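# Structural features, examined
Spelled out from the first residue to the last, the chains are:
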Amino acid sequence: MATTFTPFPDLGNAVPEFKLPAVDGKTYSLKDFSNGKPLVVMFICAHCPYVQAVEERLIALGADLKKDGVNVVGICSNDPKDHPEDSFEALAKRWKEKNYSFTYLVDETQDVAKAFGAVCTPDFFVYDGALKLSYRGRLDNSWKDASKVTERELYNAVQTLLKNQKVSEEQTASMGCSIKWK
């Protein structure tokens, strides 16, 4: 398992348009998540040990941010050929079993991951209410061990945006497995 780190973010970039099927059987586009509040987009999957280590925290993040009216979206862009646990059907089953608190989209063409510049799982993008990139860092300060988390960096970035304040440009890169490109 080779570790990939996210590059320094192009803060201020607009969120790319997208229209993707979700594991709930519906199709969603950017407009479905545009409500004038921050938007969190997470590139995740099922097979990656980095994502598995934070899965419960991602579910908690979605639930916590939903209370503030913040949309959280997961996107799997992995090619499921070598990782069947990342297939649409397997993702749908896991989403339902784990009661994910966010919409989970599947990017079968991988065009959306490329438009975002996503490189790994997990890869986090937080956009402000005007849908401009404000944060592309890690989830928190202890990816491997939830009991050692002392700072929920992504959550705190969203809370800063909800106060109409600017997020610090000092952001620690997320790390994970590379996206499995076709």
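Worth saying up front: this structure is predicted, and the values here are computed from it rather than measured.

The rules behind the values
- Residues numbered from 1 in each chain as written.
- Predicted model: local features only at pLDDT ≥ 70, side-chain atom pairs only at ≥ 80, totals over all residues.
- Heavy atoms only, no water.
- Core = buried A, V, L, I, M, F, W, Y, C linked by side-chain atoms within 4.5 Å.
- Buried < 20%, exposed > 50% of the residue type's maximum accessible area, 1.4 Å probe, protein only.
- Helix = DSSP H or I, 4+ residues; strand = E, 2+ residues; numbered from the N terminus.
- Contact = heavy atoms within 4.5 Å.
- Salt bridge = Lys/Arg side-chain N within 4 Å of Asp/Glu carboxyl O.
- Pairing = 2+ DSSP bridges.
- Axes fitted to C-alpha atoms, helices over the stretch in contact; angles between N-to-C directions.

A few words now on the nonpolar core. Counting 33 residues, the largest nonpolar core has Val40, Met42, Leu58 and Leu154 as its most contacted members. Per element, the largest residue contribution to this core is seven residues, and it comes from helix 1 (residues 49–66). For leucine 58, the contacting residues outside a window of four places in its chain are Met42, Ile44, Val51, Ser101, Phe102, Phe124 and Leu139. The next biggest cluster of nonpolar side chains, apart from the first, holds 22 residues, and it includes Val73, Ile75, Leu105 and Leu131.

It is worth spelling out unusual backbone geometry at this point. That bond from threonine 121 to proline 122 is cis: its omega, 0 degrees, falls within 30 degrees of zero. By the element assignment, proline 122 lies in the loop between strand 7 (120–121) and strand 8 (123–127). Phi at asparagine 99 takes a positive value of approximately 55 degrees, unusual for a residue other than glycine. For leucine 131, which is not glycine, the phi torsion reads 65 degrees and is therefore positive.

The subject of this paragraph is the pattern of salt bridges. One pass over the structure, following the stated rule, counts 10 salt bridges. Its salt-bridge partner being glutamate 55, residue arginine 94 comes within 2.7 Å of it at the nearest N-O pair. Linking arginine 94 in helix 2 (residues 88–98) with glutamate 55 in helix 1, this pair joins segments that are 39 residues apart in sequence. Residue glutamate 169 is joined to lysine 166 by a salt bridge in which the shortest nitrogen-to-oxygen separation is 3.3 Å. Judged by relative accessible area, which is 42%, glutamate 169 ranks as partly exposed.

By the secondary structure assignment, serine 142 is in the loop between strand 9 (133–135) and helix 4 (153–162). Residue serine 142 is classed as buried on the basis of its relative accessible area, which comes to 11%. The contact partners of serine 142, leaving out residues within four places of it in the chain, are Arg57, Lys148 and Val149.

Sheets are built from strands that pair by backbone hydrogen bonding, the pairs being arranged parallel or antiparallel. If you walk across this open sheet you meet the three strands as 1-10-7, and the pairing is antiparallel. Because the sheet does not close on itself, it has two edges, and the strands there are strand 1 (3–5) and strand 7. Looking at chain direction, strand 1 and strand 10 (residues 175–178) are connected through three bridges and run antiparallel. Across the sheet, the residue bridging to threonine 4 is glycine 176, located in strand 10. Contacts from helix 1 reach strand 1, strand 7 and strand 10 within the one sheet, and its direction differs from that of strand 10 by about 135 degrees.

Note that glycine 12 resides in the loop between strand 1 and strand 2 (19–21). Owing to a relative accessible area of 41%, glycine 12 belongs among the partly exposed residues under this scheme. In this view, glycine 12 contacts Lys132 and Leu133; residues no more than four positions away in its chain are not counted.

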